[in-house]
Amino acid sequence: MKLRIFVTLKPGVLDPQGRAIHHALGGLGFAGVEDVRAGKLIEMEVADATDDAQIDAMCRQLLANTVIENYRVERA
Amino acid sequence: MKTAVIVFPGSNCDRDIAVALEAVTGVKPAMVWHGDTSLPDGLGFVAVPGGFSYGDYLRCGAIAARSPIMRSVVEAADKGLPVFGVCNGFQVLAEAGLLPGALMRNESLHFVCRDVKLTVADTDSAFTRLYDADETVTFPVAHHDGNYFADAETLDRLEGDGRVAFRYAERVNGSARNIAGVLNARGNVLGMMPHPERRIEAAHGGDDGRRLFEGLLETVGA
């Protein structure tokens, strides 16, 4: 089973990287970009028997730092 | 005092802190590899050094915090052993859950490498007891991810409980409330981004950092 795990900064946590991307897009002349937030996409191949609790544990224990990040899991 | 320095792949301040510890304690610290599963017996103090453990992959300190030796470090800290994390070591201790909050990319996005002025915000801990309250000290910083973040409630609690050990006296990296170093609830774990181990003798440009280690030595006993 393929998993796609999106790790994103929590709302309200300052994202200097997103801000720099936003600024650079403005510099390229793209108008109307209102906000940019940068995150991570982690793709994994796991055994089909891997259950939700295990996936959630992987996210909480390592893949995301829940002090500052949220995560969302997509099963392909 | 017997001390230990944890060494991860990518640590690069392990020798700096080993030299500082030997200068203050008179005893060469044990260098403990990240893959080891236990700490040497009879330690008075453990240091988690600066560097770029595991190439800062995933998040700074994230992989190092899950390495085998860190389980022993967390257990020892829970029993009261003083643990000091500097720079990447602070990131590792935060990722390991020994300290609250997280270290994020500097707000400027630039690597900051220079001397900074700090205010000693708490003088009750074993680490800061030889400093004067509100004293200004100068330590070097060298980091890309030192922007301390915690939610407002946590920050209020840290400040209320005297757990902010050092504050930047100037804007350095965007840290919440200018926090440069924090203590755990029990006061035996300190994490800070600036490098006191690089300021222990006149040849370093000053010795403001020396008292941090001397305070520990006094507390733990030679």
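Worth saying up front: this structure is predicted, and the values here are computed from it rather than measured.

Colleague: How do you make sense of the overall build of chain B when you look at a structure like this?
Modeller: Along the backbone of chain B there are 6 helices and 11 strands. Rg of the C-alpha trace for chain B: 16 Å, near the compact-globule value of 17 Å for 222 residues, within the 12% margin. In terms of overall dimensions, chain B has a C-alpha envelope of 40 × 40 × 35 Å along the principal axes. Out of the 222 residues belonging to chain B, those deemed buried represent 53%. If you take every contact in chain B between residues at least 6 apart in sequence, the share linking residues at least 24 apart comes to 75%.

Colleague: What is the right way to read the UniProt feature "active site" (unreviewed entry) in chain B from this model?
Modeller: Residue and element names in this part refer to chain B. The residues that UniProt annotates with the feature "active site" (unreviewed entry) are C87, H195 and E197. The annotated residues occupy 111 residues of the chain but converge on a single region, no pair of C-alpha atoms lying more than 10.9 Å apart. Structurally, E197 is set in the loop between β11 (189–192) and α6 (210–220). Residue E197 is classed as buried on the basis of its 30 C-beta neighbours within 10 Å. Apart from residues lying up to four places away in sequence, E197 is in contact with D16, I17, A20, V86 and G209.

Colleague: Looking at this model, I keep getting lost on the interface of chain A and chain B. Mind explaining?
Modeller: A common way to state how big an interface is: give the accessible area lost once the parts meet. Listed by partner, the interface residues are 9 residues for chain A and 11 residues for chain B. The dominant element in the side of chain A that touches chain B, judged by the number of residues it contributes, is helix α1 (residues 16–27) of chain A, at 3 residues. Along the lines of polarity and charge, the residues of the side of chain A that touches chain B split into 7 nonpolar, 2 polar and no charged.

Colleague: It is not clear to me how helix α1 (residues 14–25) of chain B should be interpreted in this structure. Could you clarify?
Modeller: For an α-helix, 3.6 residues make a turn, and residues three or four places apart therefore share a direction. In this model α1 of chain B runs 16 Å from its N-terminal to its C-terminal C-alpha over 12 residues, within 8% of the 16 Å that 1.5 Å per residue would give. Downstream of α1 of chain B by one or two residues, G26 of chain B has phi in the positive range, about 80°.

Colleague: What is the right way to read the packing of α1 of chain B against α6 of chain B from this model?
Modeller: Angle between the axes and distance between the axes are the two parameters that describe a pair of packed helices. Residue and element names in this part refer to chain B. Between α1 and α6, the shortest axis-to-axis distance is 10 Å and the interhelical angle comes to 55°. What the angle tells us is that α1 and α6 run oblique. Crossing geometry of α1 relative to α6 is assigned as right-handed. Residues A20, L21, V24 and T25 of α1 form the contact with α6, whose participating residues are R210, F213, E214 and L217. Taken together, the residues of the contact of α1 with α6 break down into 5 nonpolar, 1 polar and 2 charged.

Cut-offs and rules
Throughout this description, residue numbers start from 1 for each chain and increase along the sequence as written. Chains and ligands are labelled by the order in which they are written, letters from A for the one and numbers from 1 for the other. With pLDDT at 70 or above as the cut-off, local features in this predicted model cover only qualifying residues; side-chain atom pairs require 80 or more to be listed or tallied, and sums for whole chains, interfaces and linings still use all residues. Runs of E in the DSSP output that reach at least two residues are strands. Runs of H or I that reach at least four are helices, and both are numbered from the N terminus. Only the C-alpha atoms count toward the radius of gyration. The rule for a globule is 2.2 Å times the residue count to the power 0.38. Any residue whose C-beta has 12 or fewer other C-beta atoms within 10 Å is treated as exposed, any with 20 or more as buried, and any in between as partly exposed, C-beta atoms being built from the backbone. C-beta atoms are placed from the backbone for every residue, and two residues are taken to be in contact when these atoms lie within 7 Å. UniProt positions are given in the numbering used here, feature names are shortened, and annotations may be inferred rather than shown by experiment. Put simply, Ala, Val, Leu, Ile, Met, Phe, Trp, Tyr, Cys and Pro go in the nonpolar bin, Asp, Glu, Lys and Arg in the charged bin, and everything else, Gly too, in the polar bin. The span one expects for a helix is its residue count, reduced by one, times 1.5 Å. Structural elements are reduced to axes, namely lines fitted to C-alpha atoms, with helices fitted over the stretch in contact, and the angle between N-to-C directions of any two is expressed from 0 to 180 degrees. Angular relationships are summarised with four words: roughly parallel below 35 degrees, roughly antiparallel beyond 145, roughly perpendicular across 65 to 115, and oblique for the angles in between. In a left-handed crossing the near helix is turned counterclockwise from the far helix by less than a right angle, and in a right-handed crossing that turn is clockwise.

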